[in-house]
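Structural description and commentary
These are the residues of each chain, in order.
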Amino acid sequence: MTLIDGDIAASHDSVLEQTKPVHRRAAVFIDRDGTINEDIGYLSHPDDLHIYSFAAEAIRLLNDANLPIIVITNQSGIARGFLDELMLARIHERLLNKLAQQGAHVDGIYYCPHHPRIFPNESYVIGDKSSDINLATNAGAKGILVLTGYGASTYANLERFPCYPSMVAEDLLEAVRLILTERQQQSRD
Ligand SMILES: [Mg+2]
């Protein structure tokens, strides 16, 4: 896991703190491309960042529910030379600014999350690819497949993949609503 910038580094400890088992705090891990913003292949410039119209509202709902949000993004484009870490930081700065303009914030952005260590069992991973669902399953979290980005194709080929999602949602906003509904039901039990 690699931290993107200082502000996010500052929030790193608090996320770890919040996800200690003793706190039983959930977190929501949200895939970036195809889930928060359009997947255009290798996003390599801030001007090409197109956030889905529902994304800020979805993230705001999680903010209101006091759920920490971590954006996860696989950045093989860096290894492939499509962009460097400085450009990635600029893209993420744009993402954070656009969300902030709509009153939404995330607690961290990680890329290449090959060894997730801070997943509590009550957490969720939202994404459009089978790799997102595998990540959720391997971490003991619940995977929610969204049908944006590559999601429709992932859904059509589910039987080919090692892990099934816990839930399937039209988009990030519906996924968030499913999470909040499930948590309300759990708190009543
Ligand atoms: Mg994706």
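Refer to the structure printed above.
Report follows, based on the coordinates. (Residues numbered from 1 in each chain as written. Predicted model: local features only at pLDDT ≥ 70, side-chain atom pairs only at ≥ 80, totals over all residues.)

Moving on to the environment of Glu 57. Relative to the helices and strands, Glu 57 is located in helix 2 (residues 55–64). Along the primary structure Glu 57 and Leu 172 are separated by 115 residues, whereas in three dimensions their C-alpha atoms are 9.3 Å apart. (Helix = DSSP H or I, 4+ residues; strand = E, 2+ residues; numbered from the N terminus.)

This part covers the pairing of strand 4 (residues 108–111). Side chains of strand 4 alternate between two faces, with Gly 108 and Tyr 110 and Ile 109 and Tyr 111 buried alike. Both strand 3 (residues 69–73) and strand 4 contribute to a ladder of four bridges, which runs parallel. Each residue of the ladder has a partner; that of Ile 72, found in strand 4, is Tyr 110. (Buried ≥ 20, exposed ≤ 12 C-beta atoms within 10 Å, placed from the backbone. Pairing = 2+ DSSP bridges.)

Let us look at the packing of helix 2 against helix 7 (residues 172–188). Contact geometry for helix 2 and helix 7: axes closest at 8 Å, N-to-C directions at 15°. Of the possible angle classes, the one that applies to helix 2 and helix 7 is roughly parallel. As for the relative orientation of helix 2 and helix 7, their crossing is left-handed in sense. Here Ala 55, Glu 57, Ala 58, Leu 61 and Leu 62 of helix 2 lie close against helix 7, whose contacting residues are Leu 172, Leu 173, Val 176 and Leu 180. A per-class count over the contact of helix 2 with helix 7 returns eight nonpolar, no polar and one charged. (Axes fitted to C-alpha atoms, helices over the stretch in contact; angles between N-to-C directions. Parallel < 35°, antiparallel > 145°, perpendicular 65-115°, else oblique. Left-handed = near helix turned anticlockwise from the far one by under 90°. Contact = placed C-beta atoms within 7 Å. Nonpolar A, V, L, I, M, F, W, Y, C, P; charged D, E, K, R; others polar.)

Let us now look at helix 4 (residues 85–101). With 17 residues, helix 4 should cover 24 Å at 1.5 Å per step; its first-to-last C-alpha distance of 24 Å lies within 8% of that length. Looking at the packing, one finds that the buried side of helix 4 touches helix 2, helix 3 (76–79) and strand 4. Of the residues one or two after helix 4, Gly 103 is the one with positive phi, at around 75°. (Expected span 1.5 Å × (residues − 1).)

Turning our eyes to something else, we now look at the environment of Gly 108. Mapped onto the elements, Gly 108 comes out in strand 4. The exposure class of Gly 108 is buried, given the 23 C-beta atoms found within 10 Å. Through-space distance from the C-alpha of Gly 108 to that of Ile 72 is 8.5 Å; in sequence the pair is 36 residues apart.

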